[in-house]
Amino acid sequence: MPTNKTYDVIVVGCGSVGNPTAYHLAEAGKKVLVLDRRPAAGQGDNKAAIGGVRATHSDPGKISACLESLNIIANWEEKHGFDVGWKPGGYCFPVYDETIEKSLKDLIPYQKKYGLDIKWVGPEEIKEIIPGVNPVGLRGGTYSPGDGQVSSILLPVAFQREAMKNGAEYRFNEKVIGYLREGDKITGVKTDKGSYSSEWVVLAAGADAAAHSELLGIDIPVTPDSHEAGITAPIKHFLAPLVVDLRPGPEGKTANFYFGQNREGQIIFCYTPKDLFIGTNRESISEFLPVLAGRMVTLIPSFKNLLIRRIWRGCYPMTPDGIPIIDYATGLEGLVLAVGMCGQGLMLGPGVGKNIASMIIDGKHLIPDEAQDCFRYDRDFYKKDKEALK
Amino acid sequence: MSEGEPLEPEAVEEDPYICRCERVKKSEIVDAIRSGVRDMNQLKAMVRAGLGGCNGKTCTDLILRIYKEEGIPLSEVTLPTHRPLVAEVHLGDFATQKEEDDEENQNADQ
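Since we're looking at a predicted model, the values are computed, not measured.

1. A few points about the overall build of chain A
- Looking only at helices and strands, one finds ten helices and 20 strands in chain A.
- Whereas a compact globule of 390 residues would reach a radius of gyration of roughly 21 Å, chain A reaches 21 Å, a difference of no more than 12%.
- C-alpha atoms of chain A, sized along the principal axes, occupy 65 × 40 × 40 Å.
- For chain A, the proportion of its 390 residues judged to be buried stands at 59%.
- Expressed as a percentage of contacts within chain A between residues at least 6 apart in sequence, the contacts between residues at least 24 apart total 72%.
- On chain A, roughly 15,100 Å² of surface is accessible, and the fraction owed to carbon and sulfur atoms is 51%.

Now the structure itself:
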């Protein structure tokens, strides 16, 4: 039984955030251990992601982190020679509703201020960007060409392999059951198989994060809810961007829905339920396909011919305000919290991981001050102005 | 083939397809196993064996056999997520079904 082996950093959780964090730390020469209770990298909710990577957000924290993620993902194959399924093509939000048009247009100057390449385009251009889109009532939409898609099942392999080349150790099927501490300093991690010491611990436990509140003696306000997604048989490539329809559905079940075509030609899709399914139950529900089908076929009528291949569910680790916590843990030295990605771990992870490596190595964030403030652990999670673009 | 000619046993293919849905050859699976992959979900992600229409009905057992051939105890191998055999259904059928149900309900209300 390995006991009291010492590391610079222990990362708890090998998902969308922990794994890239380990990669950035190992690349910078740190001695890293990654622990996960599952059998391989990215086998929790990471792989349930449909693969969209967008910097199209409404807060400076997510915009900054995701711009960095896009930079890392888009250049991965050239830098490391490993194909992560990157597909450029942007994000497109087609709009049929005056209120949504106003809110998206109002955001654009703010998004641009933080470096996002986005514009409002008219209905004719939307029809070119989304071939076959329903033209009735189409007002236009936003288009952000720098966004794209990645394979949520290949990216974890990519980060792990590069991290291991730089000496990172990965231990799977090993569950964290406690923390080593000296007073207010976290000095390591205890698992069901051994104990390990470290200068720093990064908590990146996704949907399990709240369970660590008790182990650490701090409040981690993360509540998972479960979302369903699906994939079709491949069809001829016709759709470049990831498409988001922000309208709530007339069936009363959907808050919005989104889809894209992956590199294999499959249409991959998901919706946000109007009433959330709180908890970590990942069993499929029978209303998913009928509800989703109605929306998809209304937006793009030819989608009626798609063949459904598989559906699944994954959890969004939600904070009360829908924005992650990426901060030093107040009151506990040696602990960095990287939790509550709110369903956006895949797109946030690479950039967030780089930021965390900087927090540990250089003692400072890479992202701008306003972005850091978004992610603070001691912020007011219940303030009134909600995130405009979830 | 003329009558009475004995059947020649077909040569065993050197690198057969293991996953027919996604056209994955044995050599690709052996390479992944030799690179250290023990979780068949991760194997599926890397080489796509089991990601096709049959959801791994054919290849799962064959891959387990390859693990054995490679001398890896199956106790070290994590099985892939079990998924039912599917008949792929048109998305439009789900949408239509919904409308038909609604119509039926309306008729019942009348």
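2. Concerning the sheet that holds strand β8 (residues 148–149) of chain A
Residues and elements named next belong to chain A.
- Pairing is antiparallel in the open sheet, where three strands are placed in the order β3-β8-β4. On the outer flanks of this sheet lie β3 (52–53) and β4 (87–88), each paired with one strand and no other.
- With two bridges connecting them, β3 and β8 associate as antiparallel partners. Bridge assignment links Gly52 to a residue of β8, and that residue is Gln149.

3. Some details on the interface of chain B and chain A
- Opposite the 26 residues of chain B that make contact, chain A presents 29 residues.
- Interface area, chain B with chain A, both sides summed: about 2,300 Å², of which 58% is carbon and sulfur.
- At the surface where chain B touches chain A, the tally comes to three salt bridges.
- Across the pair Arg48(B) and Glu264(A) runs a salt bridge, and its minimum N-O distance is 3.9 Å.
- One can count nine residue pairs in polar contact (both at pLDDT 80 or more) joining chain B with chain A.
- Taken together, the elements giving at least two residues each to the side of chain B that touches chain A come down to α2 (40–47), β3 (89–90) and α4 (91–109) of chain B.
- Broken down by element, the side of chain B that touches chain A gets its largest block of residues, five residues, from α4(B).
- Per-class residue counts for the side of chain B that touches chain A are nine nonpolar, eleven polar and six charged.

4. Comments concerning helix α4 (residues 98–113) of chain A
All names here are of chain A.
- Its 16 residues give α4 an end-to-end C-alpha distance of 24 Å, which sits within 8% of 22 Å, the value for a rise of 1.5 Å per residue.
- Maximum bend of α4: about 30°, positioned at Leu107, with proline Pro109 one to four residues after it.
- Ile100, Glu101, Leu104, Leu107, Ile108 and Gln111 are the residues of α4 that are buried.
- Structurally, the start of α4 carries an N-cap: the backbone nitrogen of Thr99 is 2.8 Å from a side-chain oxygen of Asp97.
- Positive phi shows up at Gly115, right after α4, with a value of about 100°.

5. Quick notes on the nonpolar core
- Counting residues in hydrophobic clusters, the biggest one holds 70 residues, and the most contacted among them are Val11(A), Val32(A), Val84(A), Val202(A) and Ile356(A).
- The element best represented in this core is helix α9 (residues 345–361) of chain A, accounting for eight residues.
- In contact with Ile356(A), other than residues within four places in its own chain, are Val17(A), Thr21(A), Val202(A), Ile326(A), Val336(A) and Ala338(A).
- In terms of nonpolar packing, the next biggest core, distinct from the first, is built from 30 residues, Tyr96(A), Met296(A), Leu306(A) and Ala95(B) among them.

6. Considerations on the pattern of salt bridges
- The tally for this structure, following the rule as stated, stands at 26 salt bridges over all chains.
- The partner of Arg282(A) in a salt bridge is Asp45(A), with the nearest N and O atoms 3.0 Å apart. Here the residue Arg282(A) occupies a position in the loop between β17 (277–278) and α8 (288–299), and Asp45(A) occupies one in the loop between β2 (32–35) and β3, the gap between them amounting to 237 residues.
- Here Asp45(A) falls in the buried class, since its relative accessible area comes to 19%.
- Taken together, the salt bridges that share partners define one network made up of Glu264(A), Arg309(A), Glu22(B), Arg48(B) and Glu88(B).

7. Considerations on the confidence of the model for chain B
- On average, chain B scores 84 in pLDDT, and the residues at 70 or more come to 76%.
- Both scores are available for the predicted complex, with the pTM at 0.92 and the ipTM at 0.85.

Cut-offs and rules
In this convention, every chain numbers its residues from 1, walking through the sequence in written order. Labels are handed out in written order, letters beginning with A for the chains and numbers beginning with 1 for the ligands. Whole-chain, interface and lining totals are the exception, using all residues; otherwise, since this is a predicted model, local features are given only for residues with pLDDT of at least 70 and side-chain atom pairs are given and counted only at 80 or more. Note that water and hydrogens are dropped before the side-chain values are worked out from all heavy atoms of the structure. A run of DSSP states H or I qualifies as a helix once it reaches four residues; a run of E qualifies as a strand once it reaches two. Both are numbered from the N-terminal end. All radius of gyration figures rest on C-alpha atoms, and the globule criterion is 2.2 Å times the number of residues raised to 0.38. A 1.4 Å probe rolled over the protein chains alone gives each residue an accessible area, and that area as a share of the maximum for its type sets the label: buried under 20%, exposed over 50%, partly exposed in between. Note on definitions: a residue-residue contact is assigned when non-hydrogen atoms from the two residues lie within 4.5 Å. Here the Shrake-Rupley method, with its probe set to 1.4 Å, supplies the accessible areas, and only the displayed protein chains count as covering residues. Two strands make a pair as long as DSSP finds a minimum of two bridges between them. As a working definition, buried area equals the accessible area (1.4 Å probe) given up by two parts on being put together, with both sides summed. Salt bridges are counted wherever a side-chain nitrogen of Lys or Arg sits within 4 Å of a carboxyl oxygen of Asp or Glu. Here a polar contact means two N or O atoms within 3.5 Å. Within protein one must be a hydrogen donor candidate and the other an acceptor candidate, and residues neighboring in sequence count only if both atoms are side-chain atoms. Nonpolar residues are Ala, Val, Leu, Ile, Met, Phe, Trp, Tyr, Cys and Pro. Charged residues are Asp, Glu, Lys and Arg, and all others, Gly as well, are polar. In this scheme, a helix's expected span is set at 1.5 Å multiplied by one less than its residue total. The seven residues ending at a residue and the seven starting there each receive a fitted axis; the angle between those axes is the bend at that residue. Buried residues of nine kinds, namely Ala, Val, Leu, Ile, Met, Phe, Trp, Tyr and Cys, make up a nonpolar core once their side-chain atoms join them within 4.5 Å. What pLDDT conveys is the predictor's confidence in a given residue, as a value from 0 to 100.

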